[in-house]
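Residue-level listing of the chains:
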Amino acid sequence: MDKTLEKLNKLILFFIVYTVVFIFFFTTLEYTLPFVLALLFALLLKNPASYLINKFRVSTTIASLLVTTIFFTIITVLFLLVLTSLTSEIIQLTQNISAYITANSHKLVEIFDEFRGYYDNLDPTLITNIQNSLGNAVKDIGKYTANLGMFVVSSIITVASSIPYILMLIIF
């Protein structure tokens, strides 16, 4: 019985400590993220740098600089490829959304006709509530869509404008 209570106490203590560390880490993530990423990048780049040092007899400074430059160049290129692809897809979606709706209008009409059959069999007070709710939902969806589009565009512009700063930070 005592062993069971001791194990239970250790387990409870572990969960409490783990929970406190978890909450602390994620509430301070905006401050600790650069350090965590730096640690992960350092661990990731340690083996390639030591390979260059041992295989080609390169100094540690040059090997570290070369590996870090290659690593961040790859990350920047991948980031730019994703960014340009995402931007072009969003532009294409906004340009072709009316064409998509027009091409699939017969399916939309069928769906609305099916809903109309259900709608005609409802109680009039329920129909009034549904009309009010749908009217408000359409207005809200329009607002949220506009806000989402503005957020995506402003985020892309913010990230794109921070690339020179990041490059200067890496270079200098």
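Everything discussed here concerns the structure shown above.
Below is a summary of the structure that appears in this document. Note on numbering: residues in each chain are counted from 1, in written sequence order. Residue-level local features of this predicted model are given only where pLDDT is at least 70; pairs of side-chain atoms are given and counted only at 80 or more, and the full residue set underlies all totals for whole chains, interfaces and linings. By convention in this description, side-chain values take in all heavy atoms of the structure and omit both hydrogens and water.

Let's talk about the overall build of the chain
Piece 1. Working definition: helices are DSSP H or I runs of at least four residues, strands are E runs of at least two. Numbering for both runs from the N terminus. Secondary structure assignment for the chain yields five helices and zero strands.
Piece 2. Beginning at the N terminus, the succession of helices and strands in the chain can be written as α-α-α-α-α.
Piece 3. For the radius of gyration, the atoms used are the C-alpha atoms, and the globule rule reads 2.2 Å times the number of residues raised to 0.38. Taken over the C-alpha trace, the chain has a radius of gyration of 28 Å; the compact-globule value for 172 residues is 16 Å, which it surpasses by more than 25%.
Piece 4. Dimensions of the chain, computed from C-alpha atoms along their principal axes, come out at roughly 80 × 65 × 25 Å.
Piece 5. Taking all 172 residues of the chain together, 7% fall into the buried category.
Piece 6. Of the contacts made within the chain by residues no fewer than 6 positions apart, 44% connect residues no fewer than 24 positions apart.
Piece 7. Where accessible areas are quoted, they stem from the Shrake-Rupley method and a 1.4 Å probe; at the residue level, only the protein chains shown are allowed to cover. Accessible surface, the chain: about 14700 Å² in total, of which carbon and sulfur atoms supply 73%. Under the scheme applied here, a residue whose accessible area is under 20% of the maximum for its type counts as buried, over 50% as exposed, and between as partly exposed, the area being computed with a 1.4 Å probe on protein chains only. The contact rule is simple, with two residues in contact once any of their heavy atoms fall within 4.5 Å.

Looking at the nonpolar core
Piece 1. With six residues, the main nonpolar core is built from Leu45, Ala49, Leu52, Ala63, Val67 and Phe71.
Piece 2. When residues of this core are traced back to their parent elements, those giving at least two are α2 (29-56) and α3 (60-103).
Piece 3. Leave out the neighbours within four places in its chain, and Val67 touches Leu45, Pro48, Ala49 and Leu52. Nonpolar cores were defined as sets of buried Ala, Val, Leu, Ile, Met, Phe, Trp, Tyr and Cys residues, with membership established by side-chain atoms within 4.5 Å.

A few points about the packing of helix α1 (residues 2-27) against α2
Piece 1. In this analysis, axes come from line fits to C-alpha atoms, helices being fitted only over the stretch in contact, and the angle between any two N-to-C directions falls in the range 0 to 180 degrees. Taken N-terminus to C-terminus, the directions of α1 and α2 make an angle of 90 degrees; their axes are 6 Å apart at the nearest point. Compared by their axis directions, α1 and α2 come out roughly perpendicular. Seen from α1, the contacting residues are Phe25, Phe26 and Thr27; seen from α2, they are Leu29, Thr32 and Val36.
Piece 2. As a working rule, the residues Ala, Val, Leu, Ile, Met, Phe, Trp, Tyr, Cys and Pro are called nonpolar, Asp, Glu, Lys and Arg charged, and the rest polar, with Gly in that last group. Here the residues of the contact of α1 with α2 sort into four nonpolar, two polar and no charged. An angle below 35 degrees is read as roughly parallel, one above 145 as roughly antiparallel, one from 65 to 115 as roughly perpendicular, and any other as oblique.

Things to note about the packing of α2 against α3
Piece 1. Axis separation between α2 and α3 bottoms out at 9 Å; the angle between their running directions is 130 degrees. Classified by the angle their axes make, α2 and α3 are oblique. Read as a crossing pair, α2 and α3 show a hand that is right-handed. Along the contact surface, α2 presents Phe41, Leu44, Leu45, Pro48, Ala49, Leu52 and Ile53, while α3 presents Thr60, Ala63, Leu66, Val67, Thr68, Phe71, Phe72 and Ile75. Left-handed describes a crossing in which the near helix is turned anticlockwise from the far one by less than a right angle; the clockwise case is right-handed.

Overview of the pattern of salt bridges
Piece 1. The salt bridge criterion pairs a side-chain nitrogen of Lys or Arg with a carboxyl oxygen of Asp or Glu, the two atoms within 4 Å. All chains considered together, the criterion is met by one salt bridge.
Piece 2. A salt bridge links Lys10 to Glu6, with the nearest nitrogen and oxygen atoms 3.6 Å apart. With Lys10 and Glu6 both in helix α1, this residue pair falls four residues apart, about one helical turn.
Piece 3. Here Glu6 falls in the partly exposed class, since its relative accessible area comes to 46%.

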